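Geometric and topological summary
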Amino acid sequence: MRKTFKKLLSVALASTMVVGLAGCGNSATTNGGSDSTADKSGKTYTIGICQLVQHEALDAATDGFKKALKDKLGDKVKFDEQNAAGDAPTCSTICTSFVTNNYDLILGNATAALQAAVSATDSIPVLGTSVTDYGTALDISDWNGVTGKNVSGTTDLAPLDQQAKCIKELFPDAKNIGIIYCSSEPNSIYQSTTITKYLEDEGYKIKEYTFADSNDVASVTKSACDASDVIYIPTDNTAASCTEAINNVAGPAKTPIFAGEEGIAKGCGVATLSISYYDLGYETGEMAYDILVNGADITKMEVKTAPKFTKEYIADRADDLKVTVPDDYEKLSTK
């Protein structure tokens, strides 16, 4: 009787071990067979996403970021995604809540969102995306590509000298160029100041037209159209969320717009030299994975740039404005 009991007990223990091992094997397979730390530990990461405003470029960056992490972590990652509706103080409230909840990482999508996240924590990793210039955004005078603190990310800064050359090849006979941007966005100020020098080198006269918020967009656009042969709009978040209002003025005025990114180009522009914001967000997601799972030191992570830039144009607007577009531009759909 005693021997029989011992034998049954041994069989039961062996069965339990087999089942346990099988369970571990299934867990790894569920996440694509990855050998990541997250898969082995079973940890689920929670990431807070603060997006400044809803518009095509920022939406695409957020989508790319989430897709990269879902591709690598499957159901082992959760997102608390919040939109500040263009209000910087709301970004601060959102990011403070992320810190209070002790999230594993924070994404700041656009400059104001990044700044809010940086102000909220000096310990939780913070990644930025759709940020033009980190030196300007973080007030780092000797910017060298690495912040040295709990912050890194990706930049959407296009080569402004090349954008100036694009304007010259599209509008060789123009004389006056107006630059429209939101005065409360430091990265727009940086872009305007930088491209002004390049445009002046091309022989243009430049004048800035700034608006404080969306309420001034239409009137400022009219002033710019009245005095300009061409308008340039940098990667400005407020302008990007108001392209319909801008187009309602610039379209009837027959004033062509060269945009700093393709979302603005689709909404009101003729052409752009732009990046894929989805790809930019995806690359940011890969950086997040490297930090969370592989233990990468964010204080030493260099801010990354977009992998490529593409010349794009809107065919119907180019035809309407009789703009001759070189063959190396790709047609951009507005749908």
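Refer to the preceding data block for the structure.
Below or above, wherever it landed, is the structure these notes cover. (Residues numbered from 1 in each chain as written. Predicted model: local features only at pLDDT ≥ 70, side-chain atom pairs only at ≥ 80, totals over all residues. Heavy atoms only, no water.)

**Details of the overall build of the protein**
Of regular secondary structure, the protein possesses 14 helices and 13 strands. Burial status across the protein gives 49% buried among its 335 residues. For the protein, the proportion of contacts with a sequence separation of at least 24, taken over those separated by at least 6, is 71%. Only carbon and sulfur atoms are counted for the fraction: they give 49% of the accessible area of the protein, which is about 15700 Å². (Helix = DSSP H or I, 4+ residues; strand = E, 2+ residues; numbered from the N terminus. Buried < 20%, exposed > 50% of the residue type's maximum accessible area, 1.4 Å probe, protein only. Contact = heavy atoms within 4.5 Å. Areas by Shrake-Rupley, 256 points an atom, 1.4 Å probe, with all protein chains shown as cover.)

**Focus on the packing of helix H4 (residues 88-100) against helix H5 (residues 111-120)**
Packing of H4 against H5 brings their axes to within 8 Å, and their N-to-C directions diverge by 45°. On the basis of the axis angle, H4 is oblique to H5. In terms of crossing hand, the pair formed by H4 and H5 is right-handed. Packed against H4, whose contacting residues are Ala88, Cys91, Ser92, Cys95, Thr96 and Val99, the element H5 presents Ala112, Ala113, Ala116, Ala117 and Ala120 at the interface. Here the contact of H4 with H5 is composed, by residue class, of nine nonpolar, two polar and no charged. (Axes fitted to C-alpha atoms, helices over the stretch in contact; angles between N-to-C directions. Parallel < 35°, antiparallel > 145°, perpendicular 65-115°, else oblique. Left-handed = near helix turned anticlockwise from the far one by under 90°. Nonpolar A, V, L, I, M, F, W, Y, C, P; charged D, E, K, R; others polar.)

**What to know about the layout of surface pockets**
Each pocket or cavity is described by its volume, and for the largest pocket that value is around 430 Å³. For the lining of the largest pocket, the elements supplying multiple residues, two or more each, are helix H3 (56-73), H5, helix H8 (186-201) and helix H10 (237-240). (1 Å grid on protein atoms, 1.4 Å probe; cavity = no way out; pocket = protein on both sides within 12 Å on 5 of 7 lines; lining within 4 Å. Points joined across faces, edges and corners; volume = space filled by probe spheres on them.)

**Here we look at H5**
Of all ten residues making up H5, seven are buried, and the element is well covered by its neighbours. Within the span of H5, buried status applies to Thr111, Ala112, Ala113, Leu114, Ala116, Ala117 and Val118.

**A word on the nonpolar core**
Membership of the largest hydrophobic core comes to 27 residues, with the highest contact counts inside it found for Cys50, Leu52, Cys91, Leu114, Val126 and Leu138. Where this core is concerned, the elements lending two or more residues are H4, H5, strand S4 (126-131) and helix H6 (134-137). Considering every element that reaches this core, the biggest residue donor is H5, with six residues. Beyond its immediate sequence surroundings of up to four residues, cysteine 91 is in contact with Cys50, Leu52, Ala84, Ala112, Ala113 and Ala116. (Core = buried A, V, L, I, M, F, W, Y, C linked by side-chain atoms within 4.5 Å.)

**Structural notes on the packing of aromatic side chains**
For the structure on display, the rule yields five aromatic pairs. Pairing phenylalanine 98 with tyrosine 103 gives two aromatic rings, centres 5.4 Å apart and planes at 35°, and the pair type is tilted. Neither residue differs from the other here; phenylalanine 98 and tyrosine 103 are each classed as buried. Taking 6.4 Å as the distance between ring centres and 20° as the angle between the ring planes, the aromatic pair formed by tyrosine 232 and phenylalanine 258 counts as stacked. Here phenylalanine 258 lies in strand S9 (residues 257-259) and tyrosine 232 lies in strand S8 (residues 230-233), a separation of 26 residues in the sequence. (Phe/Tyr/Trp six-rings, centres within 6.5 Å; stacked < 30°, edge-to-face > 60°.)

**Looking at the sheet that holds strand S12 (residues 310-313)**
Taken in spatial order, the seven strands make up an open sheet running S7-S6-S8-S9-S10-S12-S13, and their pairing is mixed. With one partner strand each, in any of the chains shown, strand S7 (205-211) and strand S13 (330-331) form the two edges of the open sheet. Pairing of strand S10 (residues 271-274) with S12, which is carried by four bridges, proceeds in the antiparallel orientation. Bridged to leucine 273 within S12 is lysine 311. Across the sheet, helix H7 (residues 160-170) lies against strand S6 (176-182), S8, S9, S10 and S12, angled at about 155° from S9, the strand it touches most. Sitting on the sheet, helix H9 (residues 217-227) is in contact with S6, S7 and S8, with an inclination near 165° to S7. (Pairing = 2+ DSSP bridges.)

**What to know about the environment of serine 123**
Structurally, serine 123 is set in the loop between H5 and S4. Looking at serine 123, the relative accessible area reads 57%, which means it is exposed. For the pair serine 123 and valine 99, spaced 24 residues apart in the sequence, the C-alpha separation amounts to 9.4 Å.

**A word on H7**
Of all the residues in H7, the buried ones are Leu160, Gln163, Ala164, Cys166, Ile167 and Leu170. Projected down its long axis, H7 shows its buried positions confined to an angular sector of 155°, all on one face. Where H7 is buried, its residues touch S6, H8, S8, S9, S10 and S12. (Arc of directions from axis to C-beta.)

**Focus on the state of the cysteines**
What the rule picks out here adds up to zero disulfides. Of the cysteine sulfurs around cysteine 268, a residue in no disulfide, the closest is that of cysteine 225, at 9.7 Å. (Disulfide = S-S within 2.5 Å.)

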